[in-house]
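Survey of secondary and tertiary structure
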2 protein chains.
Amino acid sequence: MKTIAVDMDGVLADVFEQFVRYDAARTGIRKSAKDVFGLGEVELFPHADTDLLTPGFFRNMSVIKDSQEVLEQLNRQYQVFIVSSATQFPQSLTEKQDWLKEHFPFIGWQQIVFCGKKTIIQADVMIDDHFKNLDPFQGETFLFSQPHNAHLDAGRHIRVYSWRELEATLVSNDTKWSFR
Amino acid sequence: MKTIAVDMDGVLADVFEQFVRYDAARTGIRKSAKDVFGLGEVELFPHADTDLLTPGFFRNMSVIKDSQEVLEQLNRQYQVFIVSSATQFPQSLTEKQDWLKEHFPFIGWQQIVFCGKKTIIQADVMIDDHFKNLDPFQGETFLFSQPHNAHLDAGRHIRVYSWRELEATLVSNDTKWSFR
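Residues numbered from 1 in each chain as written. Chains lettered and ligands numbered in written order. Predicted model: local features only at pLDDT ≥ 70, side-chain atom pairs only at ≥ 80, totals over all residues. Heavy atoms only, no water.

**Considering the side chain of A:S84**
Residue and element names in this part refer to chain A. Keep this limit in mind: The helix and strand labels rest on DSSP assignments: H or I over at least four residues marks a helix, E over at least two residues marks a strand, and numbering proceeds from the N terminus. By the criterion applied in these results, polar contacts are pairs of N or O atoms within 3.5 Å in which, for protein atoms, one can donate a hydrogen and the other can accept it, and in which residues neighboring in sequence qualify only through two side-chain atoms. In this description, contact between two residues means that some pair of their heavy atoms is separated by no more than 4.5 Å.
Tracing the chain through its elements places S84 in strand β2 (residues 79–85). Polar side-chain contacts of S84 include one of 2.7 Å to the side chain of K96. The residues contacting S84, other than those within four sequence positions of it, are D7, M8, K96, V113, F114, C115 and K118.

Next up, the structure:
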């Protein structure tokens, strides 16, 4: 059974939308993905560093569209691990685990990895929105499209724009229905 | 530079001593390593499951002898990652990170991994007190001797009884002093 390492922020949890919300609460202006084109999140959202340390920032993120349904399918066909950079923000650790428990209850504690640098991770497939995680990875790599990476060449990674695309590529139709 | 994955509980943090303390506070009797011979910790300490969920249990563990000094040496010669099974006890996450910050301040957040199953970890060397983590690991494996594993055949793993033994095996004397 193949192993998949799935990132949280920007892949399951909508961190961009959360930055937009926190920024709008401060400025009254709701920025959009078009505004970020070519910018890092920290450049577009000048208070990003403060927001990331605010209690509740990680706990109350929106779930990225279709991720629950498709990840549940993948979880039947692969060894799924949720691999999240979290130790930089220690307060995020329990928030992230609580968030997963609420939105992805089929993911057990055995499948959760909170780390810093992802070079220590081995798996067959990695789904992530950051090149720093995908580039050193040995297996198959999917770049989950997000405003902060939209202007960059995906290189050897396969860019996907949605969980439906991941479903089409990774879920085997032969077995897809047999588990239902 | 080679990568080393170092376990926390039973390798850096003295979880056995912590079980003894919590048990003694309850019963008035201080058990010793001799009592545990051939028993799992949960068999010897009937309240282990409750203790593991008690706030402070992980935060207030003693540091295993010589681990600070030797790990600091290893940290100059290897890419060190602290890899700890922690997601089973979500309250342990911040306690463990705070504990590391206090006792191993030279370990950065980039080097910390809190996970469930360690099969997702790739490294050249693993130091751990549990066969379930060492057995599936592809690299060089050191079994850190603890009361719960003392009666078992180490098999292909190298049993070590102390951090001084790890120092003798893993720290290169050529460079050991040049960094000081």
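**Quick look at the interface of chain A and chain B**
A common way to state how big an interface is: give the accessible area lost once the parts meet. Rule in force here: Note on definitions: buried area is the accessible-area loss of two parts on being combined, 1.4 Å probe, summed for both. By convention in these notes, a salt bridge is any Lys or Arg side-chain nitrogen within 4 Å of a carboxyl oxygen on Asp or Glu.
Counting residues at the interface gives 21 residues for chain A, matched by 21 residues for chain B. Taking both sides of the interface into account, the surface hidden between chain A and chain B amounts to around 2200 Å²; carbon and sulfur atoms contribute 63%. For the chain A face of the interface with chain B, the top three residues by lost area are A:W109, A:I120 and A:Q122, together amounting to 30%. At the boundary of chain A and chain B, one finds 0 salt bridges.

**Points about helix α6 (residues 92–103) of chain B**
Residues that lie three or four places apart on an α-helix share one face, since the helix turns once every 3.6 residues. The test is simple: For a helix, the expected span equals 1.5 Å multiplied by the number of residues minus one. Partly exposed residues are those whose accessible area sits between 20% and 50% of the maximum for their type, while under 20% is buried and over 50% is exposed, using a 1.4 Å probe and protein chains only.
Look at α6(B): 16 Å from first C-alpha to last across 12 residues, which is about the 16 Å you get at 1.5 Å a residue. Regarding α6(B), the residues found buried are B:S92, B:L93, B:E95, B:K96, B:Q97, B:W99, B:L100 and B:H103. In this fold, the buried residues of α6(B) make contact with α6 (92–103) and β3 (112–115) of chain A together with α5 (67–77), β2 (79–85) and β3 (112–115) of chain B.

**Brief notes about the relation of the copies chain A and chain B**
Just so we agree on the cut-off: A least-squares fit on C-alpha atoms brings the copies together, and the residues used are those whose pLDDT is at least 70 in both copies.
In the superposition of chain A on chain B (RMSD 0.0 Å, axial shift 0.0 Å), the rotation amounts to 180 degrees. When the rotation and shift are considered jointly, the pair of chain copies conforms to a two-fold rotation axis. A shared binding surface is used by both copies, with 100% of the interface residues of chain A retained as interface residues in chain B.

**Here we look at the side chain of A:T141**
Residues and elements named next belong to chain A. When you line up the elements, T141 lands in strand β5 (residues 140–144). A distance of 2.7 Å separates the side chain of T141 from the side chain of H157, its partner in a polar contact. Those residues in contact with T141 that lie beyond four places of it in its chain are M126, L134, R156, H157 and I158.

**Some words on the domain arrangement of chain A**
Residue and element names in this part refer to chain A. Note the following rule: In this entry, domain limits derive from an automatic or database-based domain assignment.
On domain assignment, one finds that chain A holds domain 1 (3–14 + 61–170) and domain 2 (15–52). The centre of domain 1, based on its C-alpha atoms, is set 21 Å off from the matching centre of domain 2. Between domain 1 and domain 2, the contact holds 13 residues from the first and 12 residues from the second. Summed over the three residues of domain 1 that lose the most area to domain 2, namely D14, P147 and H151, the buried surface amounts to 44% of that side.

**Looking at the environment of A:W109**
Within the fold, A:W109 resides in the loop between α6 and β3. Overall, A:W109 belongs to the partly exposed group, its relative accessible area being 30%. Taking the C-alpha atoms as reference, A:W109 lies 9.7 Å from A:I82; in sequence the two are 27 residues apart. Beyond its immediate chain neighbours, meaning those up to four positions away, A:W109 contacts A:Q97, B:T87, B:Q88 and B:G116.

**What about the environment of B:A168?**
As for its position among the elements, B:A168 is in helix α8 (residues 163–170). Spatially, the C-alpha atom of B:A168 lies 9.6 Å from that of B:V70, the residues being 98 residues apart in sequence.

**Some details on the packing of α5(B) against α8(B)**
Packed helices, taken two at a time, are described by the angle between their axes plus the distance between the axes. All names here are of chain B. The condition that has to hold: Only C-alpha atoms enter the line fits that serve as axes; for helices the fit covers just the stretch in contact. Angles between N-to-C directions range over 0 to 180 degrees. Throughout, the term roughly parallel applies to angles under 35 degrees, roughly antiparallel to angles over 145, roughly perpendicular to angles from 65 to 115, and oblique to all others. Whether a crossing is left-handed or right-handed is set by the direction in which the near helix is turned from the far one by less than a right angle, anticlockwise for left-handed and clockwise for right-handed. Amino acids outside the nonpolar list (Ala, Val, Leu, Ile, Met, Phe, Trp, Tyr, Cys, Pro) and the charged list (Asp, Glu, Lys, Arg) are all regarded as polar, and Gly is one of them.
At their nearest, the axes of α5 and α8 sit 9 Å apart, and the two run at 20 degrees to each other. Relative to α8, α5 is oriented roughly parallel. Considering only the axes of α5 and α8, their crossing is left-handed. Residues S67, E69, V70, L71, Q73, L74 and Q77 of α5 form the contact with α8, whose own contacting residues are W163, R164, E167 and L170. Classifying every residue of the contact of α5 with α8 by side-chain character gives 5 nonpolar, 3 polar and 3 charged.

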